[in-house]
Amino acid sequence: MRRARIAHEGRAQWAEVVEDGLVLALPGGVRIAAKDAKWLAPVTPGASVFALGLNYADHSAELGFKTIETPLVFLKGPNAFTGHDSVSPRPADANQMHPECELVAVIGRPARRVSRADALGYVAGYTIANDYAIREYLENYYRPNLRVKNRDATTPLGPWIVDAADVGDPQALALSTKVNGVEVQHGSTKDMVFDVAGLVEYLSDFMTLMPGDMILTGTPHGVHFVSHGDEVVCEIEKVGRLVNHIQAEP
Amino acid sequence: MIAGAAYGVALNDRNLLSSHQQAFAEAPYKAPPKAPVLYIKTRNCLTTGGAPVLTDLKAVQAAATIGVLFARDLTRASPGEVRAAIGAVCLALDVSEPSDSYYRPAIRQQCRDGFLPLGALTALPSTFEDIVTQIDGKEVHRWSLDRLVRPLETAASEISAFMTLQAGDLLLLGLAADAPTAQPGQTVTVSSRGLPVLTTAIVPEAGR
């Protein structure tokens, strides 16, 4: 099953994606065409949203870092998210703003001190994030700092959450980013330094993960700077295709 | 109510910046911080009503501060516009595993369950008084928010230049460089004249 969060009749609602993604079925029997949907990021309000830095060795090398030995985890606030087919603002001085296609694991039940072997049993589903970074704003304090990674509407997320059972092995998925139709990122989740099971084990070792919490698992190599008007499409095999548009900040 | 995120302003104590002046000029920092540095306390950290802090650590940093709750969104605001966006304030005990590294986000140190006990929310006072920490009834720390590099109005304004502080978000104003440590078995009380007192016990967590 695929579940989308949309704005419909004045409120946020969860809908089931049916008929090859063409139709959204709302509770109570209402059906709307997917092309008319106002997509929201499928994030449970209050959820803890973790993101990974340098979690693909090829991306680390590209940025001049050695392969990490412990997960480089940072956090995101609710202001950062926006839905499928939305707009992300690009500040006038952000010449180094680049997309990052990431597999997102969604936690399904409370997880505390979960073993690696059991970890995937705590993952309810998967979605896609495009976790934009703006490199001009990097500083070496709690890096990547929030000025780089927690700007309003710079983390498109969605379009929907796919049940884990429909995805199967989360470490065997091709992922890519296209800007105006040209591929700028291509990789496979098999190349993660810390895989989904390892990340659930790591985080749940010191805190309780709750249903709805999300882990953005990092991005492969391919740093491409975007401009006003660009259409950016992040695609992950068996999960979906997340579209976003870059708009110059007024 | 606190419906959004809990952000904290890091490196906001003048004493910390002066004691780390040399270190922050060197690797891995290479330059002193320019924009406000923030950290996030995840939802699992937040407790109210005097819930105990359970931990398997030998000691925790117990940093008393003040949190402000936004009642309106604050985006690209001037310092003069900040106070009108704040709906309430509370005392907060920002608990963490002691660490003197600021290079990478310190999620493991800062985001454990129950590591942000909060006092009751009350109206924003005209000025903040000294924040006093007692352990087992004895005063161990006292500090004034006059030490902040960026006081409330400046911090919120500069943060709002790059992200919206949303209605429902909590902003912790800063941590004292010399915040005390507390050990399991001890009780920590935070007070500041005019604000509801916060008391929490540090309790050993059952072993694995």
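Since the structure is predicted, the reported quantities are computational estimates derived from the model, not experimental observations.

Caption draft 1: Just the overall build of chain A, in detail. Each helix and strand counted, chain A has four helices and 19 strands in total. Considering only intrachain contacts with a sequence separation of at least 6, the fraction spanning at least 24 residues in chain A is 73%.

Caption draft 2: Focus on helix H4 (residues 152–160) of chain B. Considered for burial, the residues of H4 of chain B that qualify are Leu152, Ala155, Ala156, Ser157, Ile159 and Ser160 of chain B. Among the structural elements, strand S1 (6–10), strand S2 (37–41), strand S5 (60–70) and strand S10 (170–172) of chain B are those in contact with the buried residues of H4 of chain B.

Caption draft 3: Quick look at the sheet that holds strand S9 (residues 86–90) of chain A. Residues and elements named next belong to chain A. Taken in spatial order, the five strands of this open sheet run S9-S19-S18-S15-S16, and their pairing is mixed. Of all the strands in the sheet, the pair left with one neighbour each is S9 and strand S16 (182–188). Strand-to-strand twist across the sheet, computed as the mean angle between neighbouring axes with direction ignored, equals 20 degrees. Taken together, the five bridges between S9 and strand S19 (residues 240–248) define a ladder with parallel strand orientation. Bridge assignment links Pro89 to a residue of S19, and that residue is Gln247.

Caption draft 4: Here's a closer look at the domain arrangement of chain A. All names here are of chain A. Looking at the assigned domains, one finds that chain A contains domain 1 (1–40) and domain 2 (41–248). Of note, the centres of domain 1 and domain 2, computed from C-alpha atoms alone, are 23 Å apart. With eight residues of domain 1 in contact, the opposing surface of domain 2 contributes eleven residues. When residues in the side of domain 1 that touches domain 2 are grouped by element, the largest group, four residues, is from strand S1 (residues 2–8). Looking at the side of domain 1 that touches domain 2 residue by residue, the class counts come to five nonpolar, no polar and three charged.

Caption draft 5: Main features of the pairing of S19 of chain A. Residue and element names in this part refer to chain A. Of the pairings in the sheet, the one linking strand S18 (residues 231–236) to S19 comprises six bridges and is antiparallel in character. When the bridges of S19 are listed, Val233 appears paired with Val243. Here S18 hands over to S19 after three residues, with Lys238 in that stretch at a positive phi of 70 degrees.

Caption draft 6: Summary view of the nonpolar core. Ranked by size, the top nonpolar core spans 137 residues in total, and within it Val104, Val200 and Met214 of chain A together with Leu173 of chain B carry the most contacts. The biggest single contributor to this core is S5 of chain B, with eight residues. Both of domain 1 (1–40) and domain 2 (41–248) of chain A provide at least three residues apiece to this core. In this view, Val104 of chain A contacts Tyr126, Thr127, Ile128, Ala129, Leu157, Met214, Ile215 and Leu216 of chain A; residues no more than four positions away in its chain are not counted.

Caption draft 7: Structural view of the environment of Thr48 of chain B. All names here are of chain B. Checked against the element boundaries, Thr48 lands in strand S3 (residues 46–48). Since 14 C-beta atoms lie within 10 Å of it, Thr48 is described here as partly exposed. The spacing of Thr48 and Ser96 is 48 residues in sequence and 17 Å in space, taken between C-alpha atoms.

Caption draft 8: The interface of chain A and chain B, seen in detail. Of the residues lining the interface, 26 residues belong to chain A; the matching set on chain B comes to 33 residues. Only strand S7 (72–76) and helix H2 (146–149) of chain A provide two or more residues apiece to the side of chain A that touches chain B. Here the residues of the side of chain A that touches chain B sort into twelve nonpolar, eight polar and six charged.

Caption draft 9: Main features of the pairing of strand S13 (residues 195–204) of chain B. All names here are of chain B. Relative to S13, strand S4 (residues 53–55) runs parallel, the two sharing three bridges. The residue bridging Thr55 from the neighbouring strand is Pro204, located in S13. Here five bridges tie strand S12 (residues 187–192) to S13, and the two strands are oriented antiparallel to one another. In the strand pairing of S13, Ser192 is matched with Leu195. Where S12 folds back onto S13 in an antiparallel hairpin, the turn is made up of two residues, including Gly194, whose phi is positive at roughly 95 degrees.

Caption draft 10: Molecular detail of the sheet that holds S12 of chain B. Residues and elements named next belong to chain B. The mixed open sheet is built from five strands, whose spatial order is S4-S13-S12-S8-S9. Each edge of the open sheet carries a strand with a single partner, namely S4 and strand S9 (138–143). When the angles between neighbouring strand axes are averaged without regard to direction, this sheet yields 20 degrees.

Caption draft 11: The arrangement of unusual backbone geometry in detail. Here the bond from Arg143 of chain A into Pro144 of chain A is cis, since omega is 0 degrees, no more than 30 degrees from zero. That bond from Ala27 of chain B to Pro28 of chain B is cis: its omega, 0 degrees, falls within 30 degrees of zero. For Pro28 of chain B, the location among the structural elements is in the loop between helix H2 (21–25) and S2. Phi angles above zero are rare outside glycine, and Asp20 of chain A is one such case at about 55 degrees. The topology assignment puts Asp20 of chain A in the loop between strand S2 (11–18) and strand S3 (23–25).

Definitions and limits used
Residues numbered from 1 in each chain as written. Chains lettered and ligands numbered in written order. Predicted model: local features only at pLDDT ≥ 70, side-chain atom pairs only at ≥ 80, totals over all residues. Helix = DSSP H or I, 4+ residues; strand = E, 2+ residues; numbered from the N terminus. Contact = placed C-beta atoms within 7 Å. Buried ≥ 20, exposed ≤ 12 C-beta atoms within 10 Å, placed from the backbone. Pairing = 2+ DSSP bridges. Axes fitted to C-alpha atoms, helices over the stretch in contact; angles between N-to-C directions. Domains from an automatic or database assignment. Nonpolar A, V, L, I, M, F, W, Y, C, P; charged D, E, K, R; others polar. Core = buried A, V, L, I, M, F, W, Y, C linked by C-beta atoms within 7 Å.

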